[in-house]
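Next come the chains, spelled out residue by residue.
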Amino acid sequence: MSKVGFPILVLGLVLLLAISCGGGAEPTPAPAVAPTATSAPAPAPTTAAPTATTAPAPGSTPTRVVATPTPTATPIPVVKEVRGGVLRLSQSYPPTHFDCAQEFLSSCRQVWGYMSDGLVGLDTRPGVAKVDEAVLDASFGLAESWELLDGGKTYIFRLRKGVKWQNVAPMNGREFVADDVVWNYQRRKGPRAGWQLIGHFDSMTSVKAIDKYTVEIKLEAPLAPFLTYLGWVGNFMNPKEAALLEDPSTEWGSHKRKESAIGVGPFVLKEFVRDGHMIWERHPGYWNPKYPYLDRIERPIIIDGQTRIAAFKTRQLDIMDYTNVQAAQSRALVKELTPLGALTSGVAQSVGWHWLAPNSAVKPFDDKRVRQAFRLIMDRRDFNQTEYQGTGELWKPLPNGFGHWSYPQPEKLFGWEVDDATVAKNREKAKALLAAAGLTGPQKFEFMINARYTANQNQVQVYQQQFRALGIELVMKIVETAVWFERVGTHDFVLSAGTSSVGGAGVDPDEYLSNWWLIGAGRNYGNWGDQHSDELIRAARWESDTKKREALLWEWQEYVAEQAWAWPQVGSESTPQLFWPWVNGYQAHSLQQNDYTFRHTWIDPKLRK
């Protein structure tokens, strides 16, 4: 088995020059745990990485680079895995549907992370990659090797033979071939308003099958994180026949229903009871017979954080997660249970944040002065204290988790809170801006909130008091998750709040920019951006020189802060993941898009009493 370890931050750049190479059933009983919800836990990695090599610049002399294996720096510990067993962990909410191209929620990613595979694979085993790194490993993906041509603008992927779709109608265990890759990537490219992760494929100019087992992909210019994107759970392979059977009205179909959730991965989705539980069972025809070790994964839906804590403490759950649990409670739980035998898996700083934002295409927020005034009124320190006891971070247009790409002197950004005196001055400026925009006297605005996240309600309550002091009433309207996504996806709102993430520390900033900030991007909910913003983003994503790219991203942040299109609030702190010692081969991983596989996790029956 050949593999190369890469920090996520430089993964795509390194790969442009040195690429890894490697040669419907009966319902099952529901798990005995009370229903309620949370984000999915994360299987994760651990290894050292080679030095990054600068990628060829766009327009450089065409080169042909063939994959060359590099040995893993840290050997995997020798352990005797035990086959069989059931892994039990909660899920904070059910997926609203199963088509991640149209809704990139973690609940949707969990389904496909267990159920399918990507063209390339990221190895997340403990002892292989650190929590903020990824190991690209051909033995975990559907392509057994690949090469780059034309200075990094052309990829040739050679598929492994004998991979079969799960034996569920209408796929019925047929072979996975190059045409499946072509259909999946053309489907994700767009343009389709509201579809997710279009930014991963918008630089792709063509994808075609050379033969039954060979795929060629051409890009407009070398894109640093492109191979990483191909390994993300949201881009795992989906079934064409099932999609077209569900919706034959377009060439792209739909696979929103449970019956269309069919993959090529290690687990088969056997049961889905909305607001109840989800159950996966081992795929007996999986192309890699070594995996998975588990026979079954059970995920009861447990929305309430305290119910989830109780279920973990009584060992009804094997892994604990913290959705809708305050940071202080998370820290207290780690302190309480670690001495009692629970193990912790460190999680690197996640690139997740709370945000407030207007729809900048509707009045009065199409006026920059109004957007700026709202940003100046806010004192984010209050929400940080209320929700995180002061341990969260005030976040910038490019969140702190992006490391050196994030703006280095935030106090120079428009509207930044330095101290009480600065906040007072900001609010005086806000009054003048509102008056200049013609907003005088009492004002009232609806704030749409996703019912799923209590923290969103908490932050709006904090800002209601701040705005009320200036005669502005923020009316909180709480809507169900499906309604919230439908409305923000179609830009049907005035003001809204959300909680979002783009993976773990070290993820390439293009993942955030191309999917949140480009005009027409799948998660650009509020019509944020303009031509100048797009030009800066596109220049940065194709710039291979680190310093030049850094300068472009800093310039973009200065511009976006001044335009006040959206108002990033506070980034949550990361809490070590708790799990019981009978769970082996597991490590919480900060790269959230790739932590939902569990193919290499196993249960020690001697320790589970």
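Residues numbered from 1 in each chain as written. Predicted model: local features only at pLDDT ≥ 70, side-chain atom pairs only at ≥ 80, totals over all residues. Heavy atoms only, no water.

A. Region of the structure containing the overall build of the protein chain. Across its full length, the protein chain holds 15 helices and 23 strands. Going through the 609 residues of the protein chain one by one, you find that 61% of them count as buried. Counting only carbon and sulfur atoms, one obtains 54% of the accessible surface of the protein chain, whose full area is about 21600 Å². (Helix = DSSP H or I, 4+ residues; strand = E, 2+ residues; numbered from the N terminus. Buried < 20%, exposed > 50% of the residue type's maximum accessible area, 1.4 Å probe, protein only. Areas by Shrake-Rupley, 256 points an atom, 1.4 Å probe, with all protein chains shown as cover.)

B. View of the packing of aromatic side chains. Counted by the stated rule, this structure contains 37 aromatic pairs. Ring geometry for Trp355 against Trp516: centres 6.0 Å apart, planes inclined by 75 degrees, an arrangement best described as edge-to-face. Here Trp516 lies in helix α13 (residues 510-516) and Trp355 lies in strand β14 (residues 350-358), a separation of 161 residues in the sequence. As far as the burial class goes, Trp355 and Trp516 line up, both buried. For the ring pair Trp516 and Trp528, a centre distance of 6.4 Å and an interplane angle of 5 degrees mean the geometry is stacked. In this pair, Trp516 sits in helix α13 while Trp528 sits in the loop between α13 and α14 (531-541), placing the two residues 12 residues apart along the sequence. The burial state of Trp516 is the same as that of Trp528; both residues are buried. Each member of the aromatic cluster is reached from another via a ring pair, and the members are Trp355, Trp484, Phe485, Tyr512, Trp516, Trp517, Tyr525, Trp528, Trp556, Tyr559 and Trp565. Arg380 extends its terminal NZ or CZ atom over the ring of Trp416, reaching a point 4.6 Å from the ring centre. In this structure, Arg549 is placed above the aromatic ring of Trp405, and the distance from its NZ or CZ to the ring centre is 5.1 Å. (Phe/Tyr/Trp six-rings, centres within 6.5 Å; stacked < 30°, edge-to-face > 60°. Lys NZ or Arg CZ within 6 Å of the ring centre and 35° of its normal.)

C. Structural detail: the side chain of Glu271. If you trace the backbone, Glu271 turns up in strand β10 (residues 267-273). Arg296 is the oppositely charged side chain nearest to the buried, salt-bridge-free Glu271, at an N-O distance of 5.8 Å. There is a polar contact of 3.0 Å between the side chain of Glu271 and the side chain of His277. (Lys, Arg positive; Asp, Glu negative; His and termini not counted. Salt bridge = Lys/Arg side-chain N within 4 Å of Asp/Glu carboxyl O. Polar contact = N/O pair within 3.5 Å; in protein donor to acceptor, adjacent residues only side chain to side chain.)

D. Examining the sheet that holds strand β11 (residues 277-282) more closely. Sheet architecture is open: four strands sit in the order β3-β12-β11-β10, paired in mixed fashion. Two strands close off the open sheet at either side, each with one partner strand: β3 (86-88) and β10. The sheet shows a mean angle of 15 degrees between the axes of neighbouring strands, taken without regard to direction. (Pairing = 2+ DSSP bridges. Axes fitted to C-alpha atoms, helices over the stretch in contact; angles between N-to-C directions.)

E. Quick look at the side chain of Glu246. Tracing the backbone shows Glu246 in helix α5 (residues 240-246). Polar contacts involving the side chain of Glu246 include one to the main-chain amide nitrogen of Lys256, which spans 2.8 Å. For Glu246, the residues in contact, after removing those within four places along its chain, are Ser254, His255, Lys256, Arg257 and Ser260. (Contact = heavy atoms within 4.5 Å.)

F. View of helix α11 (residues 454-468). Between the first and last C-alpha of α11 there are 21 Å, a value that for 15 residues agrees with the 21 Å anticipated at 1.5 Å per step. Within the span of α11, buried status applies to Ala455, Asn456, Gln457, Gln459, Val460, Val462, Tyr463, Gln464, Gln466 and Phe467. (Expected span 1.5 Å × (residues − 1).)

G. Representation of empty space enclosed by the protein within the structure. If you add up the space inside the largest cavity, you get close to 140 Å³. Surrounding the largest cavity, 15 residues form its lining, Arg375, Pro397, Phe414, Ala561 and Pro568 being those nearest its centre. Elements supplying a minimum of two residues to the lining of the largest cavity: α15 (546-563) and β19 (567-568). Of the residues belonging to the lining of the largest cavity, the class tally is 12 nonpolar, no polar and three charged. (1 Å grid on protein atoms, 1.4 Å probe; cavity = no way out; pocket = protein on both sides within 12 Å on 5 of 7 lines; lining within 4 Å. Points joined across faces, edges and corners; volume = space filled by probe spheres on them. Nonpolar A, V, L, I, M, F, W, Y, C, P; charged D, E, K, R; others polar.)

H. Looking closely at the pairing of strand β6 (residues 143-149). When you tally the buried positions in β6, you get five out of seven residues, the bulk of the element. Strand direction decides the pairing type here: β6 and strand β7 (residues 154-159), joined by six bridges, are antiparallel. Considered in β7, the bridge of Glu147 is made with Ile156. A loop of four residues connects β6 with β7, the two strands running antiparallel in sequence, and Asp150 in this loop sits at a positive phi of about 55 degrees.

I. Spotlight on the pattern of salt bridges. Overall, the coordinates contain 28 salt bridges when judged by the stated rule. As a salt-bridge pair, Arg88 and Glu298 come within 3.3 Å of each other at their nearest N and O atoms. One end of the pair, Arg88, is in strand β3; the other, Glu298, is in strand β12 (residues 296-300), with 210 residues separating them in the sequence. Owing to a relative accessible area of 28%, Arg88 belongs among the partly exposed residues under this scheme. Among the ionic pairs, Glu281 bridges to Arg296, the shortest N-O distance being 3.0 Å. Taken together, the residues Glu281 in strand β11 and Arg296 in strand β12 connect sequence positions 15 residues apart. Classification of Glu281 as partly exposed rests on a relative accessible area of 21%.

J. The packing of α14 against α15, seen in detail. Two elements in contact, α14 and α15, have axes whose closest approach is 9 Å; the angle formed by their N-to-C orientations is 160 degrees. Here α14 lies roughly antiparallel to α15, going by the angle between them. The handedness of the crossing between α14 and α15 is left-handed. The residues of α15 that touch α14, namely those facing His532, Ser533, Leu536, Ile537, Ala539, Ala540 and Arg541, are Arg549, Leu552, Leu553, Glu555, Trp556, Tyr559 and Val560. When the residues that make up the contact of α14 with α15 are grouped by side-chain class, the tally is nine nonpolar, two polar and three charged. (Parallel < 35°, antiparallel > 145°, perpendicular 65-115°, else oblique. Left-handed = near helix turned anticlockwise from the far one by under 90°.)

K. Just helix α9 (residues 380-388), in detail. Considered for burial, the residues of α9 that qualify are Arg380, Phe383, Asn384, Glu387 and Tyr388. Buried residues of α9, viewed axially, fall in a sector of 105 degrees; they line one side. Where α9 ends, the next residue or the one after it, Gln389, has phi of about 50 degrees, a positive value. (Arc of directions from axis to C-beta.)

Function cannot be inferred from these measures alone, as they are strictly geometric.
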